[in-house]
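Chain and residue survey
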Amino acid sequence: MKPIVFSMPGNEALAESLRIGLDAEHGNFTQRQFPDGETYIRILSAVKGKETIVVCTLHKPDSKMLPLFFICKLLKDLKAKSICLIVPYLAYMRQDKQFNSGEAITSEYFAKLISSIADRLITIDPHLHRRSSMNEIYSIPSNVLHSAKLISIWIKNNIPNALLIGPDSESEQWVSEVAKDAGAPFIVLQKIRHGDSDVEVSIPQIEKYINHTPVLVDDIISTAHTMIETLEHLTKAGMKPAICIGVHAVFANAAYNDLVKTGVKEIITCNTIPHISNKIDVSGIILDCYKGKN
C-alpha cells in the first residue's frame, strides 16, 4: 500500500517533490476558517491502514500549529497506520532553559505536543544549542538531517575561488565542516575587546585572500544582524562583494531587505522555508531518510 502525503498550506512544492520521490498518493483535505476565526479541517482521502506523511515547516509557528494538531489528530481518528511529520524548520528550540524566574521552557512543552500527535519526526538542522539530542525532549523517533554537504556541493559548483567566513569563534565548527567538503579555505573573524563598547574585528590573513569571493554561512538567518555586521567589516577590508548562505530563511521583519541593501552579491538559502532565496534543495536527503537510506 502506497504512503499518502499531505501538505499543509505553503508547503506544496516540497511536499510534491517528496510525493513523486516516494511514488506516494496525494492527500486531499480541506482547511478553512469559520467567521469567528476557528479552523475547520476535513480529510477527503482514504487513509485507513496507510502510512501518512504530513509536511509542515514551522516558521511563524503559532498560526500553523493548531491546524497541524487538528489534522494529525484526525488522521489518528480515521485509523491511519502511522503519521510521519516532516518539519524542515522546527520551531521552539531556543528557549531550552529557564533564564529568568517564571519563564516557560517552551522547547519542552512544544516537544510534548508534537510527540503526542505523530509517530515519527524528520527535521533539518534544528537549533540544538544546549541539547545533545532531540531524544532529550521528544518521545517519538526523531531524525535530524544536516544540510552541510548540500551547501558544500552548491559552493563547489557555483563559486570559484570561494573563501568561507565565520563571524565569530562559535561558528568555526559549522564553517569548517562546510569548507572541508567544498574544498575551500575558511577563516573566522577575531574580535578584540578594548572596552565595554569598543570592539575591534580583525580578518586573519586578509592579504592572502583578497582575490577570493567571501562566503558567509549560517544555519538560521533571522534578524541578519550578524551577517550585516560581518559584511561591513569585509567591505572595510577591501574584499570582494560577499555571498550569504543560510539553511533556514527565517528573515524576521525587514531582515532580507536590510541584507540586500548592504550590497551583498547574492543571498542563498535551502528550501526548508519557502523564500525567493531558495536555491539548495533538501528533498533528496529527506527522501533518503524516510526510505531508511541514511
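In this report, the structure presented in the accompanying data block is examined. Just so you know, these numbers come straight off a predicted model, no measurement behind them. (Residues numbered from 1 in each chain as written. Predicted model: local features only at pLDDT ≥ 70, side-chain atom pairs only at ≥ 80, totals over all residues. Heavy atoms only, no water.)

**Notes on the packing of helix H1 (residues 12-22) against helix H8 (residues 283-290)**
What counts here: Comment: axis = line fitted to C-alpha atoms, over the contacting stretch for helices; angle = value between 0 and 180 degrees taken between N-to-C directions. By definition, any uninterrupted DSSP run of H or I lasting at least four residues is a helix, any uninterrupted run of E lasting at least two residues is a strand, and each is numbered from the N terminus. Reported orientations rely on four angle classes, namely roughly parallel under 35 degrees, roughly antiparallel over 145, roughly perpendicular from 65 to 115, and oblique for the rest. By convention, the crossing between two helices is left-handed when the near helix turns anticlockwise from the far helix through less than a right angle, and right-handed when the turn is clockwise. In this analysis, two residues are considered to be in contact whenever any of their non-hydrogen atoms come within 4.5 Å of each other. Amino acid classes used here: Ala, Val, Leu, Ile, Met, Phe, Trp, Tyr, Cys and Pro are nonpolar; Asp, Glu, Lys and Arg are charged; the rest, including Gly, are polar.
Taken N-terminus to C-terminus, the directions of H1 and H8 make an angle of 45 degrees; their axes are 10 Å apart at the nearest point. What the angle tells us is that H1 and H8 run oblique. Of the two elements, H1 crosses H8, and the hand of that crossing is right-handed. Judged by residue contacts, Leu-14, Ser-17, Leu-18, Gly-21 and Leu-22 of H1 engage Ser-283, Ile-286, Leu-287 and Tyr-290 from H8. Its residues assigned to classes, the contact of H1 with H8 comprises 6 nonpolar, 3 polar and no charged.

**Considering unusual backbone geometry**
Even without glycine at this site, Lys-60 takes up a positive phi of about 45 degrees. The residue Lys-60 is located in the loop between strand E5 (51-55) and helix H2 (62-77) in this model.

**Things to note about the environment of Val-188**
Here is the rule: To sort residues, take the accessible area from a 1.4 Å probe on protein chains only and compare it with the maximum for the residue type: under 20% means buried, over 50% means exposed, and anything in between is partly exposed.
Tracing the backbone shows Val-188 in strand E10 (residues 186-188). Owing to a relative accessible area of 13%, Val-188 belongs among the buried residues under this scheme. The sequence separation of Val-188 and Pro-141 amounts to 47 residues, and the corresponding C-alpha distance is 36 Å. Excluding residues within four positions of it along the chain, Val-188 makes contact with Gly-166, Asp-168, Ser-169, Glu-172 and Pro-204.

**Observations concerning the nonpolar core**
Rule in force here: We define a nonpolar core as any set of buried Ala, Val, Leu, Ile, Met, Phe, Trp, Tyr and Cys residues linked to one another through side-chain atoms lying within 4.5 Å.
Counting 40 residues, the largest nonpolar core has Ile-151, Ile-155, Leu-164, Val-217, Ile-245 and Ile-286 as the members making the most contacts within it. Apart from the residues within four sequence positions on either side, Ile-151 is in contact with Trp-174, Val-178, Val-217, Ile-245, Val-247, Cys-270 and Ile-280. Ile-43, Val-54, Ala-111 and Ile-137 belong to the second-largest nonpolar core, a separate cluster that totals 32 residues.

**Side note on the packing of H2 against helix H3 (residues 106-117)**
Between H2 and H3, the least distance of the axes is 9 Å, while the angle of their chain directions is 30 degrees. Viewed along their axes, H2 and H3 adopt a mutual orientation that is roughly parallel. Seen from H2, the contacting residues are Met-65, Leu-68, Phe-69, Cys-72, Lys-73 and Lys-76; seen from H3, they are Phe-110, Leu-113, Ile-114, Ser-116 and Ile-117. Grouping the constituent residues of the contact of H2 with H3 by class yields 8 nonpolar, 1 polar and 2 charged.

**Here's the deal with the sheet that holds strand E9 (residues 162-166)**
Our working rule: Here, any two strands with at least 2 DSSP bridges between them count as paired.
As summarised here, the arrangement of the 6 strands in space is E10-E9-E13-E14-E15-E16, forming an open sheet in which the pairing is parallel. Every interior strand has two partners, whereas the edge strands, E10 and strand E16 (278-280), have only one. For this sheet, the mean angle separating the axes of adjacent strands, direction not counted, is 35 degrees. Pairing between E9 and strand E13 (residues 213-220): 4 bridges, direction parallel. When the bridges of E13 are listed, Ala-162 appears paired with Thr-213. Most of the contacts of helix H6 (residues 225-236) go to E13, to which it runs at about 165 degrees, and overall it touches E9, E13 and strand E14 (243-248).

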